[in-house]
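# Summary of structural features
So you can see what is in the structure, the chains are spelled out below.
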Amino acid sequence: MKNGCLLAVALFFSLASIANIRLPAVISSNMVLQQQSTVKLWGWCEPGERIHITTSWNDRTDSVRGSRDAKWQISVPTPAAGGPFTITLQGYNTIVLENVMIGEVWVCSGQSNMEMCETWGLPDVRAELPGCATNNIHFFHVARTTSEYPQEDCPAQWKACDSNELKSFSAAGYFFAKRLNAQLNVPIGMIESSWGGTPAEVWTPAELVNNDSVLKKWAAGQKPSNGWPYIPGYCYNGMIAPLINYPIAGAIWYQGEGNTGTAPGYGQLFTTMISSWRKAWNKDLPFYYVQIAPFTYSKTNINGALLREQQANSMSLPGTGMIVISDLVSDTTNIHPKDKHDVGYRLADWALTQTYHKTGIVYKSPMYKDMSVKGDKVTVNIDVAGGGLMLKGSPVQELTIAGDDKVFYPAEAKIDGSRLIVWSKQVKTPVAVRYQFDNAGIGNIFGKDGLPLAPFRTDNW
């Protein structure tokens, strides 16, 4: 009898030592998979273990054998949007993933303005709580995590949207998802990976920063903080790398305040970061972002304006789009504007138009195109989608003009369709015009469709 008990115990521990199928956090119940694509499922198991995967949307069973490294990966096709579905994984153990939705998946990332949620006291989100519960919007909120090396997993869970989950999720990300869901009528999965205060360097693979002399120089200007990491790659490794096997439709981004101290280098850094994400996902990800809001950064520099200029110039990278939010700011002494409803909707309008090819949506702010000088007047041509320009209130605000002496004076202006005719009695021979080109200024020139003119300068002084 004693020997039999010992044999049973030995057998128990022998079986227990066999590795169960294990999954990364992003592969779980309640997840949203990208529709009409080939998605990867992956995880860990016993070397050589045969795993059978059954997807309920087509009642198809595929199998894969674990590698010598105790890993497994398989690709499965997804149908058009729908759900809920189940995925059953069977090896030495069985896992059933439930409430799996098929739809559109987006990453929302950046620093505190992307991170802001209902607990920050946002009235727009608070108003949503009573009726926000839906199985058509799911959240995956990555916890703040850093690593010196790229990680394969991250702490998070997929959850369907309800009042409890929404309270701690990105407000901009939620409103983006809400508008997409309403316009596309498909489930939306939002993966939030954000951290207040972080510079873009930490979201960029370290080798791309450290092996580029220009980027490395600007990164050295980042000051250590007790509230967030500053070393290149640390958030990318812990909060982006674990996601790159998971197919997504695109990304939205709200960050830049953490780089105002090194603003001249931001354009190269930002486009490098975007390109690195695209390479990691092996896809030309649509990437839509928020131009940072007016804020009283400093009275001794215009780093906020320079950073916004770098963001605007980054739209030269194909597949990107920038929203302007100067009209959504009520207090320029607060770096965290509370209106995230319109931020999310404006980002969604870029996606609806440029990614999903919807028509009839105004999505792009008027942008500076070129200028010419005739006598004492400057004609500024603006790229504006139909309808021309308009002035909200008078006189024109935050418009200045200068001659060769580089001294800027407040300017007057006349709107002629999509052109600004600009002059000042104090400048007889003008050579340059600036609009809203300071840290905290808020202009009042808009497209007739309602979006604000983006800040610009015609000089490079």
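Residues numbered from 1 in each chain as written. Predicted model: local features only at pLDDT ≥ 70, side-chain atom pairs only at ≥ 80, totals over all residues. Heavy atoms only, no water.

### Observations concerning the overall build of the chain
When you go through the chain residue by residue, the secondary structure sums to eleven helices and 23 strands. Each principal axis of the C-alpha distribution contributes one length, and for the chain these read about 105 × 45 × 35 Å. Counting all 461 residues of the chain, 53% fall into the buried class. Put simply, of all contacts in the chain between residues at least 6 apart along the chain, 73% involve residues at least 24 apart. Carbon together with sulfur atoms contributes 49% to the accessible area of the chain, which is approximately 19900 Å² in total. Across the chain, 39 positive and 39 negative side-chain charges occur, with their mean positions spaced 3 Å apart. (Helix = DSSP H or I, 4+ residues; strand = E, 2+ residues; numbered from the N terminus. Buried < 20%, exposed > 50% of the residue type's maximum accessible area, 1.4 Å probe, protein only. Contact = heavy atoms within 4.5 Å. Areas by Shrake-Rupley, 256 points an atom, 1.4 Å probe, with all protein chains shown as cover. Lys, Arg positive; Asp, Glu negative; His and termini not counted. Charge placed at Lys NZ, Arg CZ, Asp CG, Glu CD.)

### Quick look at the environment of Phe-85
As for its placement among the helices and strands, Phe-85 is situated in strand S6 (residues 82-90). Phe-85 sits in the buried class, given a relative accessible area of 18%. Along the primary structure Phe-85 and Asn-99 are separated by 14 residues, whereas in three dimensions their C-alpha atoms are 5.6 Å apart.

### What to know about the sheet that holds strand S15 (residues 377-383)
Within the open sheet, the four strands sit side by side as S14-S15-S20-S19. Their pairing is antiparallel. Edge positions in the sheet fall to strand S14 (367-374) and strand S19 (412-416), since each of these pairs with one other strand and no more. The average undirected angle you get between the axes of adjacent strands in this sheet is 25 degrees. Bridging between S19 and strand S20 (residues 419-423) involves five bridges; their strand directions are antiparallel. Each residue of the ladder has a partner; that of Asp-416, found in S20, is Arg-419. (Pairing = 2+ DSSP bridges. Axes fitted to C-alpha atoms, helices over the stretch in contact; angles between N-to-C directions.)

### Observations regarding the pairing of S14
In terms of strand pairing, S14 meets S15 through seven bridges, oriented antiparallel. The residue bridging Asp-370 from the neighbouring strand is Asn-381, located in S15. Counted along the chain from S14 to the antiparallel partner S15, the turn is two residues long, and its residue Gly-375 has a positive phi close to 65 degrees.

### Focus: helix H11 (residues 341-355)
Residues that lie three or four places apart on an α-helix share one face, since the helix turns once every 3.6 residues. Here H11 contains 15 residues, and its C-alpha end-to-end distance of 20 Å stays within 8% of the 21 Å for a straight helix at 1.5 Å per residue. Within the span of H11, buried status applies to Val-343, Gly-344, Arg-346, Leu-347, Ala-348, Asp-349, Trp-350, Ala-351, Leu-352 and Thr-353. Elements in contact with the buried residues of H11: strand S7 (94-110), helix H5 (171-184), strand S11 (250-254), strand S12 (287-290) and strand S13 (320-323). Where H11 ends, the next residue or the one after it, His-357, has phi of about 60 degrees, a positive value. (Expected span 1.5 Å × (residues − 1).)

### Points about the pattern of salt bridges
This model, assessed by the stated rule, comprises 14 salt bridges. For Arg-144, the salt bridge is made with Glu-115, and the minimal N-O distance between the two is 2.9 Å. Of this pair, Arg-144 sits in the loop between strand S8 (134-141) and strand S9 (158-161) while Glu-115 sits in helix H2 (residues 112-115), and the two are 29 residues apart along the sequence. Judged by relative accessible area, which is 14%, Glu-115 ranks as buried. Notably, a salt bridge pairs Lys-364 with Asp-383, separated by 3.8 Å at the nearest N-O pair. (Salt bridge = Lys/Arg side-chain N within 4 Å of Asp/Glu carboxyl O.)

### Some remarks on helix H9 (residues 266-281)
Compared with the 22 Å implied by 1.5 Å per residue over 16 residues, the 23 Å span of H9 between its first and last C-alpha is a close match. Within H9, burial applies to Tyr-266, Gly-267, Leu-269, Phe-270, Thr-271, Thr-272, Met-273, Ile-274, Ser-276, Trp-277, Arg-278 and Trp-281. Asn-282 sits one or two residues past H9 and shows a positive phi near 55 degrees.

### Re the sheet that holds strand S17 (residues 399-402)
Read from one edge to the other, the open sheet built from four strands follows the order S18-S17-S21-S23, with strand pairing classed as antiparallel. The two strands at the open ends of the sheet, each matched to only one other strand, are strand S18 (408-410) and strand S23 (456-457).

### A closer look at the environment of Thr-272
Here Thr-272 shows up in helix H9. C-alpha of Thr-272 to C-alpha of Ala-200: the two residues are 72 residues apart in sequence and 10.0 Å apart in space. Beyond its immediate sequence surroundings of up to four residues, Thr-272 is in contact with Thr-204, Leu-208 and Leu-215.

### Points about the packing of aromatic side chains
Aromatic ring pairs: the centre-centre distance and the angle between the two ring planes describe each pair. This structure, assessed with the given rule, holds 24 aromatic pairs. Arranged with centres 6.2 Å apart and planes meeting at 45 degrees, the rings of Trp-253 and Phe-287 form a pair that is tilted. Taken as a pair, Trp-253 in strand S11 and Phe-287 in strand S12 lie far apart in primary sequence, 34 residues in all. The buried category is assigned to Trp-253, whose relative accessible area is 0%. Judged by relative accessible area, which is 1%, Phe-287 ranks as buried. Ring-pair connections join several aromatic residues into one group, and the members of that group are Trp-203, Trp-253, Tyr-266, Phe-270, Trp-277, Trp-281, Phe-287 and Tyr-289. (Phe/Tyr/Trp six-rings, centres within 6.5 Å; stacked < 30°, edge-to-face > 60°.)

### Regarding the confidence of the model for the chain
On average, residues of the chain score 95 in pLDDT, and 96% of them reach the 70 mark or higher. Here residues 5-16 is a poorly scored stretch, pLDDT under 50, and it has zero contacts once near neighbours within four places are set aside; other chains count. (pLDDT = per-residue confidence, 0-100.)

### Some remarks on the nonpolar core
Within the largest apolar cluster, 70 residues are counted, with the highest numbers of intra-cluster contacts made by Trp-72, Tyr-246 and Trp-277. Tallying contributions element by element places H9 first for this core, with seven residues. Apart from residues no more than four positions distant in its own chain, Tyr-246 is found in contact with Val-26, Ile-27, Met-31, Val-32, Leu-33, Trp-42, Val-105, Trp-158, Ile-191 and Trp-281. By size, the runner-up hydrophobic cluster in this structure holds 42 residues, among which are Cys-108, Tyr-174, Phe-175 and Trp-350. (Core = buried A, V, L, I, M, F, W, Y, C linked by side-chain atoms within 4.5 Å.)

### Focus: the packing of H9 against helix H10 (residues 303-313)
Packing of H9 against H10 leaves a shortest axis separation of 8 Å and a crossing angle of 40 degrees. Relative to H10, the element H9 is oriented oblique. For the pair H9 and H10, the crossing hand works out as right-handed. Packed against H9, whose contacting residues are Tyr-266, Gly-267 and Gln-268, the element H10 presents Leu-307, Gln-310 and Gln-311 at the interface. Taken together, the residues of the contact of H9 with H10 sort by class into two nonpolar, four polar and no charged. (Parallel < 35°, antiparallel > 145°, perpendicular 65-115°, else oblique. Left-handed = near helix turned anticlockwise from the far one by under 90°. Nonpolar A, V, L, I, M, F, W, Y, C, P; charged D, E, K, R; others polar.)

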